[in-house]
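Observations on chain architecture
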Amino acid sequence: MSLLENLPHTIDISRLTYTIDASGGDVPTKASTPYADNEPAWVQPASAASIKEFAVRNQRVTHDVYMTRNPGLRLDDIIDVLDGPYASHCLSVLAWRECTAGLGLAWMAQCET
């Protein structure tokens, strides 16, 4: 059995919405209901390659989140980790892409806490 058939963690994914404050600035608010809930995932510390890639752009990436399907992620979506060693972490999506894991296809979100 491959890891993709039995991902060890569960996540919820929510979208940010924006309202305008009195000064005309954007105020981000996390949606109260996730658009994808109880998704199987594998949450890992960011790889050295990911950290280096984002550091060139003066960004910080802390975690890579692997999923077996494309949940329609957008920049700034919020991933709430529900279990495992990163339970209660709230991660902001900086980038996502397809990747291979063994003989399977996965999607990886690169995130920061």
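That block above? That's the structure.
Positions within a chain are numbered from 1, following the residues in the order the chain's sequence is written. Only residues with pLDDT of at least 70 get local features here, since the model is predicted, and only at 80 or more are side-chain atom pairs given and counted; chain-wide, interface and lining totals rely on the full set of residues. Hydrogens and water are ignored here; the side-chain numbers use all heavy atoms of the structure.

**Remarks on the nonpolar core**
Put simply, the rule is: Nonpolar cores were defined as sets of buried Ala, Val, Leu, Ile, Met, Phe, Trp, Tyr and Cys residues, with membership established by side-chain atoms within 4.5 Å. Each residue gets one of three labels from its accessible area relative to the maximum for its type: buried under 20%, exposed over 50%, partly exposed in between, using a 1.4 Å probe on protein chains only. Secondary structure elements follow DSSP: runs of H or I no shorter than four residues count as helices, runs of E no shorter than two count as strands, and numbering proceeds from the N terminus. Throughout, a contact is declared for two residues whenever any of their heavy atoms are within 4.5 Å.
Residues Ile11, Val65, Met67 and Ile79 are the most contacted members of the largest nonpolar core, which totals 15 residues. Breaking this core down by element, the ones donating at least two residues are β1 (9–14), β4 (36–45), β5 (63–67), β6 (78–81), β7 (90–101) and β8 (104–112). Top element by residues in this core is β4. It accounts for 3 residues. With residues near it in sequence (within four places) discarded, Ile11 still touches Ala36, Asp37, Asn38, Glu39, Ala41, Val43, Val65, Met67, Ile79, Asp80, Val81 and Leu82.

**What to know about unusual backbone geometry**
Of note, the phi angle at Asn58 is positive, near 60°, even though the residue is not glycine. Within the element layout of this structure, Asn58 appears in the loop between α1 (48–55) and β5. Overall, Asn58 belongs to the exposed group, its relative accessible area being 76%. The residue Asp76 is not glycine, and still its phi comes out positive at about 75°. Checked against the element boundaries, Asp76 lands in the loop between β5 and β6.

**Observations concerning the pattern of salt bridges**
The following threshold applies: Just to be clear on terms, a salt bridge is a Lys or Arg side-chain nitrogen sitting within 4 Å of an Asp or Glu carboxyl oxygen.
What the rule picks out here adds up to 5 salt bridges. For the salt bridge of Arg15 with Asp77, the shortest nitrogen-to-oxygen distance reads 3.0 Å. Highlighted residues: Arg15 in the loop between β1 and β2 (16–20) and Asp77 in the loop between β5 and β6, separated in sequence by 62 residues. Linking Arg97 and Glu53 is a salt bridge whose minimum nitrogen-to-oxygen distance equals 3.8 Å. Taken together, the residues span a long stretch of sequence, with Arg97 in strand β7 and Glu53 in helix α1 at a distance of 44 residues. Judged by its relative accessible area of 36%, Arg97 is partly exposed.

**A look at the packing of aromatic side chains**
Here is the rule we go by: For Phe, Tyr and Trp, rings pair up if their centres lie within 6.5 Å, where Trp contributes its six-membered ring, and each pair is then called stacked (planes under 30 degrees apart), edge-to-face (over 60) or tilted (otherwise). Charge-over-ring contacts are defined here by two conditions on Lys NZ or Arg CZ: a distance within 6 Å of the ring centre and an angle within 35 degrees of the ring normal.
With the rule as written, the count across this model stands at 1 aromatic pair. With a centroid separation of 5.6 Å and 40° between ring planes, the pair formed by Trp42 and Tyr66 is classed as tilted. Note that Trp42 is positioned in strand β4 and Tyr66 in strand β5, a separation of 24 residues in sequence. Here Arg15 stacks its cationic end above the ring of Tyr35, 4.2 Å away from the centre of that ring. The ring of Phe54 has Arg57 lying over it, and the distance from NZ or CZ to the ring centre is 4.5 Å.

**Concerning the pairing of β4**
This is how it is decided: A strand pair is defined by DSSP finding two or more bridges across the two strands.
Here β1 pairs with β4 via 4 bridges, running antiparallel. Paired with Thr10 across the strands is Pro40, a residue of β4. Where β4 meets β5, 4 bridges bridge the pair, whose relative direction is antiparallel. From the neighbouring strand, Val43 faces β5, where its bridge partner is Val65.

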